[in-house]
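Tertiary structure, described
The primary structure of each chain is shown beneath.
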Amino acid sequence: MESVGADGNRSVDSPPMDAPGTVLEAVQLLEREGYTANSTVLPDGSIKCGACQKTHRIDGALVDRVFRYEGISDPDDEAIVLAVRCPVCNMRGVIVSAFGPNADPALLEHLVLLDTRFREGSQEARGSEGS
Ligand SMILES: [Zn+2]
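Our subject in this report is the structure included herewith. Values in this document were obtained by computation on a predicted structure and should not be read as measured data. (Residues numbered from 1 in each chain as written. Predicted model: local features only at pLDDT ≥ 70, side-chain atom pairs only at ≥ 80, totals over all residues.)

Brief notes about the environment of phenylalanine 99
This is how it is decided: In this description a helix means any DSSP run of H or I spanning at least four residues, a strand means any run of E spanning at least two, and both kinds are numbered starting from the N terminus. Residues are defined as contacting one another if the C-beta atoms placed from their backbone atoms lie within 7 Å.
Relative to the elements of secondary structure, phenylalanine 99 occurs in strand S7 (residues 92-99). Taking the C-alpha atoms as reference, phenylalanine 99 lies 8.7 Å from aspartate 76; in sequence the two are 23 residues apart. Every residue in contact with phenylalanine 99, bar those within four places of it in the chain, is listed here: Arg68, Glu78, Ala79, Ile80, Leu108 and Leu111.

Given below as structure tokens:
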């Protein structure tokens, strides 16, 4: 856990330069980048694509970006915004979910997996773009 300094400044991961400040801004940023489908993580560990409405295994999702937020009024009120690509229709989608203590435990497990995957940088599939 992060330590809180005597002056009250919390040291959290410093976000990238272009990181939006709120969940809403993150969603709007991603929409501008073409992530327009409203995708959903299901408790059984699959993702429902907002574009083609098909479900696919979470392992098959391509995670392009991840933004995480703490609640403004309550630090426990975390949220996560994921930019994903659907392996079925190749559309870009956004997943917005509660994260941390307030998240549905069944979903949290899968969200953590996606977050971890993003950090590990499993972007090898990039090379197969441009058909
Ligand atoms: Zn799809």
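Digging into the pairing of S7
Stated formally: Each pair of strands is called paired provided DSSP finds at least two bridges between the two strands.
Both strand S1 (residues 37-38) and S7 contribute to a ladder of two bridges, which runs parallel. Within S7, the residue paired with alanine 37 across the bridge is glycine 93. One ladder, built from eight bridges, connects strand S6 (residues 78-85) with S7; its direction is antiparallel. Looking at the pairing, arginine 85 lines up with arginine 92 of S7.

A few points about the nonpolar core
Our working rule: The nonpolar core is taken to be a set of buried Ala, Val, Leu, Ile, Met, Phe, Trp, Tyr and Cys residues joined by way of C-beta atoms within 7 Å. Once C-beta atoms are placed from the backbone, each residue is buried if 20 or more other C-beta atoms lie within 10 Å of its own, exposed if 12 or fewer, and partly exposed for counts between those two.
Of all hydrophobic cores here, the largest spans 23 residues; its most connected members are Leu82 and Val84. Secondary-structure elements contributing two or more residues to this core are helix H1 (23-32), strand S5 (62-69), S6, S7 and helix H2 (105-120). Of all the elements, S6 adds the most residues to this core, at five residues. Setting aside chain neighbours within four positions, we find valine 84 in contact with Ser39, Ile47, Ala61, Leu62, Val63, Asp64, Gly93 and Ile95.

Some words on unusual backbone geometry
With phi around 65 degrees, glutamine 53 is a residue other than glycine that occupies positive phi space. Checked against the element boundaries, glutamine 53 lands in the loop between strand S3 (46-48) and strand S4 (55-57). Exposure remark for glutamine 53: the 10 C-beta atoms within 10 Å place this residue in the exposed category. Even without glycine at this site, asparagine 90 takes up a positive phi of about 70 degrees.

Concerning the sheet that holds strand S2 (residues 40-41)
The strand order S2-S3-S4 describes an open sheet built from three strands, whose pairing is antiparallel. Each edge of the open sheet is held by one strand with a lone partner, namely S2 and S4. Where S2 meets S3, two bridges bridge the pair, whose relative direction is antiparallel. By the bridge assignment for S3, valine 41 is matched with isoleucine 47.

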